[in-house]
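# Tertiary structure, described
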Amino acid sequence: MVLVDSGAGKDAANDEAILDFRGNPADKSRTGGWLAAGLILGTELSERICVMGISMNLVTYLVGVLHLSSSKSANTVTNFMGTLNLLGLLGGFVADARLGRYLTVAISASITGLGVMLLTLATSIHSMRPPPCRDSSKQQCIEANGHQLALLYAALYMIALGGGGIKSNVSGFGSDQFDIRDPKEEKSMIYFFNRFYFCISTGSLFAVTILVYIQDNVGRGWGYGISGGTMIIAVAILLCGTRLYRYKKPRGSPLTVIWRVVFLAWKKRNLPYPSDPSHLNEYHRAKVSHTHKFRCLDKAAILDAHGAADENRSNHWIVSTVTEVEEVKMAIRLVPIWSTCILFWTVYSQMNTFTIEQATFMDRHMGSFVVPAGSFSVFLFLTILLFTSLNERVFVPLARKITHSAQGISSLQRVGMGLILSVIGMVAAAMVEKRRRDVAVERKTQISAFWLIPQFFLVGAGEAFAYVGQLEFFIREAPERMKSMSTGFFLSTLSMGYFVSSLLVSLVDKVTDGSWLRSNLNRAKLNYFYLTLAVLSLLNFFAFLTFATRHQYKVQQYQYGPSDGEKQLKDWNNDKVEDTENNH
């Protein structure tokens, strides 16, 4: 069997060629469509079952069984999730640069399945766990040693490696099964993304209800074993559909373009600017109009003595094109908004860690049934589904009537709403935790764990706004040739959010000498940590407002093309005069 790369020479002129598994032009009547997309969606469903089944209940295992401290346990979970999302950039790079989406998804899913099986062993083998506490009330517990944690960490980061490759490619590979040049298939692709999100939510709900219950009441090994089994089945189904899929050749990673432009701009930093911007390489053939912002990058497109030769103009390691330079500028303009999205996911990560730990110190009874602590995150996902539906059916149509805009709520307005809700969510979490601890200490009783619903509700509603807003913003505002990177760029905000959470926990634990974040929450001051996050999130919101009000959407920024040479030349000459005045 020969996959995409075999067709590289057959259709080199057409980067968007749709190929079959042998590298030949695909027969649209026999490939792609809903059957192929459905087989691909099974991989995402299984990935979500594995990851959410681990992350939403791992903290209870680390604290209760391995006897790690609350801060160390929380950091283990957030570092795992941060690494998983960060590796999405690596998965996207590998797919774009070499392997293509199909092979990357298949290999990544196999790695994930192997990782879950190792995790099953790590939680099932008796020698991989320390002895039970002699007196848990006095914290007389032996913490797991490095040998016992080694297999656990190896399994977690193997899952992170595979999960990152799946996350960054499965949605793109699924959308490849529909040809946007066909109006009927283009409409189907819109429904594909709806069903993709439905698979994510379904997998999450299954993980935090059925799997978490099995982990807590039957055994960790059984819970993780089922997760591993679903991934193995998903890989088998994905491979069975090989002949049905449509493929696209790897076009090279946008990260390479960014690195190349920056490298050439630095290399040519001592060259003078040309008298006219039209002297830049491929100025008149640029697909994106030239702008005068971040002018230092224009030097990458300067034709020096070496690059002026006709045979060197197409060598992108000698001289960049105006199109490439402008696309890098567009990517740089996303960074301020990107930076202010990070703290939202820092708040969100608390739903995976300390909020779940709170539940273990609360009354979780529903009649005679005890709800597993990790299962309370079901309220988070139900809220996300609720507000996702309300956004499309209520909020957006209402906003369209008020603003007379087809978009209704802009992507940055959605992000802003999510940031505000995260602030309120942390205030609510602090109030609930203070009440829980006061009752536990003064009355020696437990309040109901259903008091955690408000913080799940507020942060879940915030995600419904922030997730869609961020994803839409990065996809809309990213350069056309960098669309594949936009998903990885979005995932990196999640990654940084989890890593910032780990950093904050470590700093707070050190500054407070461990008094705020104890394993026994009745002796801790977790509410102070939540309030700290609320204050930081509020300051972050004001920074976001500053960047958002100054941000020019791509449509506004590039409203004139290369044909409007007089306006661009005026901007160029103004910059030169300003530079000269500054130098003198």
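When helices and strands are tallied, the protein shows 19 helices and two strands. Here the protein holds 584 residues, and the buried ones make up 54% of them. Partitioning the contacts of the protein with sequence separation of at least 6, the portion at a separation of at least 24 is 81%.

Further remarks concern the state of the cysteines. For the structure shown, the criterion picks out one disulfide. Between the sulfur atoms of Cys 133 and its disulfide partner Cys 141 the distance amounts to 1.9 Å. Across the disulfide from Cys 133 to Cys 141, rotation about the S-S bond amounts to roughly 110 degrees, and the bridge is consequently right-handed. Given a relative accessible area of 27%, Cys 133 falls into the partly exposed group.

In this structure, Tyr 245, Leu 380 and Phe 529 are the most contacted members of the largest nonpolar core, which totals 115 residues. If one sorts the elements of this core by residue count, helix α1 (residues 33-55) sits on top with 10 residues. Contact partners of Tyr 245, with chain neighbours within four places excluded, come to Leu 19, Asp 20, Thr 31, Ala 36, Leu 39, Ile 40, Tyr 102, Phe 173, Gln 177, Ile 237 and Leu 238. Judged by nonpolar contacts, the second largest core, of 14 residues, contains Leu 264, Ala 265, Leu 280 and Ala 286.

The next subject is the pattern of salt bridges. Counted under the stated rule, the structure contains 11 salt bridges. Note that Asp 176 and Arg 101 form a salt bridge whose closest N and O atoms lie 2.9 Å from each other. Here Asp 176 is found in the loop between α6 (170-175) and α7 (183-217), whereas its partner Arg 101 is found in helix α4 (residues 101-124), with 75 residues between them in sequence. Judged by its relative accessible area of 9%, Asp 176 is buried. Here the residues in one salt-bridge network are Arg 101, Asp 176 and Lys 248, joined through shared partners.

Attention now goes to the packing of aromatic side chains. Inspection of the entire model under this criterion finds 24 aromatic pairs. Centre to centre, the rings of Phe 173 and Tyr 245 are 5.2 Å apart; their planes meet at 70 degrees, and the pair counts as edge-to-face. Taken as a pair, Phe 173 in helix α6 and Tyr 245 in the loop between α8 (220-240) and α9 (254-267) lie far apart in primary sequence, 72 residues in all. Tyr 245 carries the same exposure label as Phe 173, and that label is buried.

So, about the side chain of Asn 352. Within the secondary structure, Asn 352 is located in the loop between α11 (335-349) and α12 (354-360). Since its relative accessible area comes to 1%, Asn 352 is described here as buried. Ignoring sequence-local partners within four residues, the contact set of Asn 352 consists of Ser 55, Met 56, Val 59, Val 77, Met 81 and Tyr 498.

So, on to the packing of helix α3 (residues 70-99) against α4. Following both chains from N to C, one finds α3 and α4 inclined at 135 degrees, their axes separated by 8 Å at the closest point. If you check the angle between α3 and α4, you find them oblique. In this structure, the crossing between α3 and α4 has a hand that is right-handed. Contacts between α3 and α4 involve Gly 91, Val 94, Ala 95 and Leu 99 from the former and Arg 101, Leu 103, Thr 104 and Ile 107 from the latter. Split into classes, the residues belonging to the contact of α3 with α4 amount to five nonpolar, two polar and one charged.

Turning our attention to unusual backbone geometry. In the Ramachandran plot, Phe 294 falls in the positive-phi region, its phi being about 50 degrees despite a non-glycine side chain. Mapped onto the elements of the fold, Phe 294 is located in the loop between α9 and α10 (322-332). With relative accessibility at 37%, the residue Phe 294 sits in the partly exposed group. The phi torsion at Asp 513 lies on the positive side, around 55 degrees, for a residue other than glycine. Within the element layout of this structure, Asp 513 appears in the loop between α16 (483-511) and α17 (526-550). Residue classification places Asp 513 among the exposed residues on the basis of a relative accessible area of 70%.

A few words on the environment of Gln 446. Its location among the elements puts Gln 446 in the loop between α14 (411-442) and α15 (453-477). Each C-alpha atom of the pair Gln 446 and Met 362 lies 5.2 Å from the other, and the pair is 84 residues apart in sequence. Other than its neighbours up to four places away in sequence, Gln 446 contacts Phe 361, Met 362 and Asp 363.

Turning our eyes to something else, we now look at helix α5 (residues 146-167). The end-to-end C-alpha separation of α5 is 30 Å, in line with the 32 Å expected for 22 residues at 1.5 Å each. With a side-chain oxygen positioned 3.2 Å from the backbone nitrogen of His 147, the residue opening α5 is Asn 145.

Here we come to the packing of α3 against α5. Where α3 meets α5, the closest approach of the two axes is 7 Å, and the angle between their N-to-C directions is 40 degrees. In this structure, the crossing between α3 and α5 has a hand that is right-handed. For the pair formed by α3 and α5, the contact residues are Thr 76, Asn 79, Phe 80, Thr 83, Leu 84, Asn 85, Leu 87, Gly 88, Leu 90 and Gly 91 on the first element and Tyr 153, Leu 156, Tyr 157, Ile 159, Ala 160, Leu 161, Gly 163, Gly 164, Gly 165 and Lys 167 on the second. Here the contact of α3 with α5 is composed, by residue class, of 10 nonpolar, nine polar and one charged.

Right, let's get into α1. Look at α1: 33 Å from first C-alpha to last across 23 residues, which is about the 33 Å you get at 1.5 Å a residue. Taking burial as the measure, the 23 residues of α1 include 18 buried ones, the bulk of the element.

For Ser 71, the position within the fold is in helix α3. Dropping the residues within four chain positions of it, Ser 71 is found in contact with Val 505, Asp 509 and Leu 517. A polar side-chain atom of Ser 71 sits 3.3 Å from a polar atom in the side chain of Ser 69. Within the structure, the side chain of Ser 71 is placed 3.3 Å from the side chain of Asp 509, a separation counted as a polar contact.

With that out of the way, let us pick up the confidence of the model for the protein. Looking at the protein, the pLDDT average stands at 82 and 87% of residues meet or exceed 70. α17 holds the highest mean pLDDT among the elements of the protein, 94, whereas helix α19 (residues 565-583) holds the lowest, 43. Scored below 50 in pLDDT, residues 1-15 shows 30 contacts in the model against residues more than four places distant or in partner chains. Scored below 50 in pLDDT, residues 559-584 shows 35 contacts in the model against residues more than four places distant or in partner chains.

This part is about the environment of Val 288. Mapped onto the secondary structure, Val 288 falls in the loop between α9 and α10. Residues Val 288 and Glu 326, spaced 38 residues apart in sequence, show a C-alpha to C-alpha distance of 6.6 Å.

Glancing now at a nonpolar patch on the surface. On the surface, a cluster of nonpolar side chains totalling about 510 Å² of accessible area is made up of Val 535, Leu 536, Leu 538, Leu 539, Phe 542 and Leu 545. The topology assignment puts Leu 538 in helix α17. What makes Leu 538 partly exposed here is its relative accessible area of 35%.

What counts as what
Think of each chain on its own: its residues are numbered from 1, step by step along the sequence as written. Two thresholds apply to this predicted model, a pLDDT of at least 70 for residue-level local features and 80 or more for giving and counting side-chain atom pairs, whereas whole-chain, interface and lining totals are computed over all residues. Note: side-chain values were computed over all heavy atoms of the structure, leaving out hydrogens and water. Secondary structure elements are defined from DSSP: runs of H or I of at least 4 residues count as helices, runs of E of at least 2 residues count as strands, and each element is numbered from the N terminus. Relative accessible area decides the class of each residue, using a 1.4 Å probe on protein chains only: under 20% of the type maximum gives buried, over 50% gives exposed, and in between gives partly exposed. Contacts are assigned to residue pairs that have any heavy atoms within 4.5 Å of one another. The term disulfide is used for any two cysteine sulfur atoms that are within 2.5 Å. Residues grouped as a nonpolar core are buried Ala, Val, Leu, Ile, Met, Phe, Trp, Tyr and Cys residues, joined through side-chain atoms within 4.5 Å. Just to be clear on terms, a salt bridge is a Lys or Arg side-chain nitrogen sitting within 4 Å of an Asp or Glu carboxyl oxygen. Between 30 and 60 degrees the pair is tilted, below 30 it is stacked and above 60 it is edge-to-face, where a pair is any two Phe, Tyr or Trp rings, Trp via its six-membered ring, whose centres lie within 6.5 Å. To define axes, lines are fitted to C-alpha atoms, for helices over the stretch in contact only, and angles between the resulting N-to-C directions are given on a 0 to 180 degree scale. Working rule for angles: under 35 degrees goes down as roughly parallel, over 145 as roughly antiparallel, 65 to 115 as roughly perpendicular, anything else as oblique. Take the far helix as the reference: if the near one is turned anticlockwise from it by less than a right angle, the crossing is left-handed, and if turned clockwise, right-handed. Following the grouping adopted for this structure description, the nonpolar residues are Ala, Val, Leu, Ile, Met, Phe, Trp, Tyr, Cys and Pro, the charged ones are Asp, Glu, Lys and Arg, and the polar ones are all others, Gly among them. Helix span is expected to be 1.5 Å times the residue number reduced by one. Under this definition, polar contacts are N or O atom pairs within 3.5 Å; protein pairs additionally need one hydrogen-donor-capable and one acceptor-capable atom, and for neighbouring residues in sequence, both atoms have to be side-chain atoms. Each residue carries a pLDDT score, the predictor's own confidence in it, on a scale running from 0 to 100. Each patch is built from residues that are more than 30% exposed by relative accessible area and take part in no salt bridge. Like charges join if they lie within 9 Å; nonpolar side chains (Val, Leu, Ile, Met, Phe, Trp, Tyr) join within 5 Å. Surface accessibility follows the Shrake-Rupley procedure with a 1.4 Å probe radius. Residue values consider only the protein chains on display as shielding.

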